[in-house]
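# Commentary on secondary and tertiary structure
Take a look at the letters that make up each chain.
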Amino acid sequence: MDADAVRERAGALPTEPGVYQFRRGDTTLYVGKAVDLRDRVRSYTDPRSGRIRGMVERADEIEFAVTDTETQALLLEANLIKRLSPRYNVRLKDDKSYPLVAFSEHSVPRIEVTRDPEEGAVAYGPFTDKGRVETVVKAVRDVYGLRGCSDHKYANRDRPCLDYEMGICSAPCTGEIDPASYAEDVAAAKRFFEGETGALADPLRRRMEAAAESAEFERAANLRDRLEAVEAFHGEGGEAVSDRGDDRTVDVLAAVVEGDTARVARLHSERGQLVDRSRHRLDAAVGGDDGDGRADGERVDDGDGGDDGDTKIGDADANTPATVLSAFLTQYYAEHEFPDAIYSAERPSDPDVVDWLEAEGVSVRVPGAGREAKLVELALKNARKRGGRDDPVRALGDRLGVERPARIEGFDVSHAQGTAVVGSDVCFVDGSAETADYRRKKLTERNDDYANMRELVRWRAERALDGADDRPDPDCLLIDGGEGQLGAARDALAETGWDVPVVALAKSEELVVTPAGTERWPEDAPELHLLQRVRDEAHRFAVQYHQTVRDEVKTVLDDVPGVGPETRRRLLRRFGSVESVREASREDLTDVDGVGDATAETLRTKL
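Every chain's residues receive numbers from 1 upward, in the order its sequence appears when written. Only residues with pLDDT of at least 70 get local features here, since the model is predicted, and only at 80 or more are side-chain atom pairs given and counted; chain-wide, interface and lining totals rely on the full set of residues. In computing side-chain properties, one takes all heavy atoms of the structure into account and sets aside hydrogens as well as water.

## Here's the deal with unusual backbone geometry
Peptide bonds are trans in most cases, and residues, glycine excluded, mostly fall at negative phi. A positive phi is found at Ala 215, a non-glycine position, where the angle reads about 65°. Think of it this way: any DSSP run of H or I at least four residues long counts as a helix, any run of E at least two long counts as a strand, and we number them from the N terminus. Considering the arrangement of structural elements, one finds Ala 215 in the loop between α9 (198-213) and α10 (217-233). Backbone geometry places Gln 417, a non-glycine residue, at a positive phi of 50°. One can find Gln 417 in the loop between β14 (407-416) and β15 (419-429).

The following block contains the structure:
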């Protein structure tokens, strides 16, 4: 390629983070990462060294893949270099330069930061910022008391070590904590590394606030720094590109429709490492086509750098992503090896295709959260780079008759018969969760879902109008509920004068409730799936906060002899409220861990 060809190709690239490949035919010559793909590739019009100048002259194509963050680009670059062994890249012998967080394979697991985890360990990462990882692991140990000692030291202790005295280990070695409780703490820590930021951020925030109220300002500042590191930890997005805990081969698929053509983006992951991607174009069958949907096998050079195949959709009216995926799956996997799992943004429309894949041992899923959902979002982002009229955010705007609602906030309320009443306010930007903009609020204690929702939305509206909320105004509000909840939210907006479109999504039948009426959207509509993701995340965030608040509330259970804080939490988690505990039978009470016959009788007597 000469300078003009590089300049022309660079002009067609997005101004987003990602990875690019200089290729000659089917051979990758060089892999690089970029914060801005267009700007970085344009720099190759004037290479700074003879070696790179020779590489550019040999190349005949530039391929690219976008990512959400610079960290994702860095890790994807490392994975591709390791897999493809490009001639012009300097290759590392392995990827041990990136730290991992590992939980040892032991009945009482140890947590550690390591570059070489033991066999059988559950590892998360790799991560690019070792200092941040170490800060987060210290916070995990401080909150959950997980041990960091070697198995040899653990097996030979007869009294707790200094870590116990410092409050960073619960001393399972000497029985200061029972195995079941320690296992629960390990599970909570793992949930954090799997993407549930609140599992660690919430208790840290409570400790910080308590320290500040007690005028322990140095401790509060220390906890604030840890909290900032914890809340920024998952913002890197690297876990979407690399996860040592997954040893399967996975294909991640997303389709977009453009008139009579469609594009499918495929991301390929091996042993937790995202190592490849391809794009494929599908055309609707026309004229005398016999509708058998067989691919013609021709290569397509459509200018996006993809390694594309030209394929036919059997039905000329098949213009939904779900139908496109059904056509693609049968044609692609008839000629390629099956992965262990397929994640997709849509459920394929043809159940026979899913049955065929599952009969071949392939798990077909539409992920809802975590690393798998991030991979699907990344696949969608790559698929849309061809113009992508199949944009669920734009489709939602078209459905609602508003401008593209790039910023959506979702609201839900959670309580237990009017106690520990809380509300959640989650945020999605361009279809992806913006966790840094999540908010939550304790509400007035009452068993009235409509009044609670009105209070929650009014709180958000007043903060926006008073300039007290540091977030941009949303383009649309989504209420978890039906006509009653939507009416309460609209009342709050009318009372405050905050002019924002608002809709609701009812769980029972997945009906979309708008001011104009109730509608049933197609089950495979991407805009419906977007609303479901926002609704489900608002519900999860509200329930999580409710459980935290409920466990903190002082109840009459605190005055029952033999019922400590842990037993109280178990009782409330099992029965939901003190009233339900009061109505429980002796048999139901003794089913709860830590409650024996004597304690059950005491509970029934005292309550």
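## As for the sheet that holds strand β6 (residues 122-124)
Note on pairing: two strands pair once DSSP finds at least 2 bridges between them. In space, the three strands of this open sheet follow the order β5-β4-β6, with antiparallel pairing throughout. Each edge of the open sheet carries a strand with a single partner, namely β5 (111-114) and β6. Across the sheet, the axes of successive neighbouring strands diverge by a mean angle of 25°, strand direction being ignored. Residue contacts are counted whenever heavy atoms from the two residues lie within 4.5 Å of one another. In this description, a line fitted to the C-alpha atoms serves as the axis of each element, helices being fitted only across the stretch in contact, and the angle between N-to-C directions of two axes falls anywhere from 0 to 180 degrees. Packed on one face of the sheet, helix α5 (residues 130-144) meets β4 (100-103) and β5 and runs near 175° to β5. The sheet contacts of helix α8 (residues 179-193) involve β4, β5 and β6, and relative to β4 the element is tilted by about 155°.

## Things to note about the nonpolar core
With 32 residues, the main nonpolar core has Phe 103, Val 140, Tyr 144, Leu 146, Phe 193 and Leu 200 as its most contacted residues. Elements supplying a minimum of two residues to this core: β4, α5, α8, α9 and α10. Considering each element in turn, this core owes the most residues, seven residues, to α5. Not counting chain neighbours up to four residues away, the residues in contact with Phe 103 comprise Pro 109, Arg 110, Ile 111, Ala 121, Val 122, Tyr 124, Leu 146, Val 186, Ala 189, Lys 190 and Phe 193. Residues grouped as a nonpolar core are buried Ala, Val, Leu, Ile, Met, Phe, Trp, Tyr and Cys residues, joined through side-chain atoms within 4.5 Å. Partly exposed describes any residue whose relative accessible area lies between the buried limit of under 20% and the exposed limit of over 50%, with all areas from a 1.4 Å probe on protein chains only and scaled to the type maximum. Membership of the second largest hydrophobic core comes to 22 residues, among which are Ala 464, Ala 488, Ala 489 and Trp 498.

## Brief notes about the pattern of salt bridges
The rule for a salt bridge is simple: a side-chain nitrogen of Lys or Arg has to be within 4 Å of a carboxyl oxygen of Asp or Glu. Counting across every chain of the model gives 31 salt bridges. The residue Arg 460 makes a salt bridge to Glu 409 at a minimum N-O spacing of 2.8 Å. In this pair, Arg 460 is assigned in helix α16 (residues 449-466) and Glu 409 in strand β14, connecting sequence segments 51 residues apart. Glu 409 shares its class with Arg 460; the two are buried. Measuring nitrogen to oxygen at the nearest pair gives 3.0 Å for the salt bridge that ties Glu 510 to Arg 535. On the criterion of sequence distance, the pair formed by Glu 510 in the loop between β19 (502-506) and β20 (511-514) and Arg 535 in helix α18 (residues 526-552) is long-range, its members being 25 residues apart.

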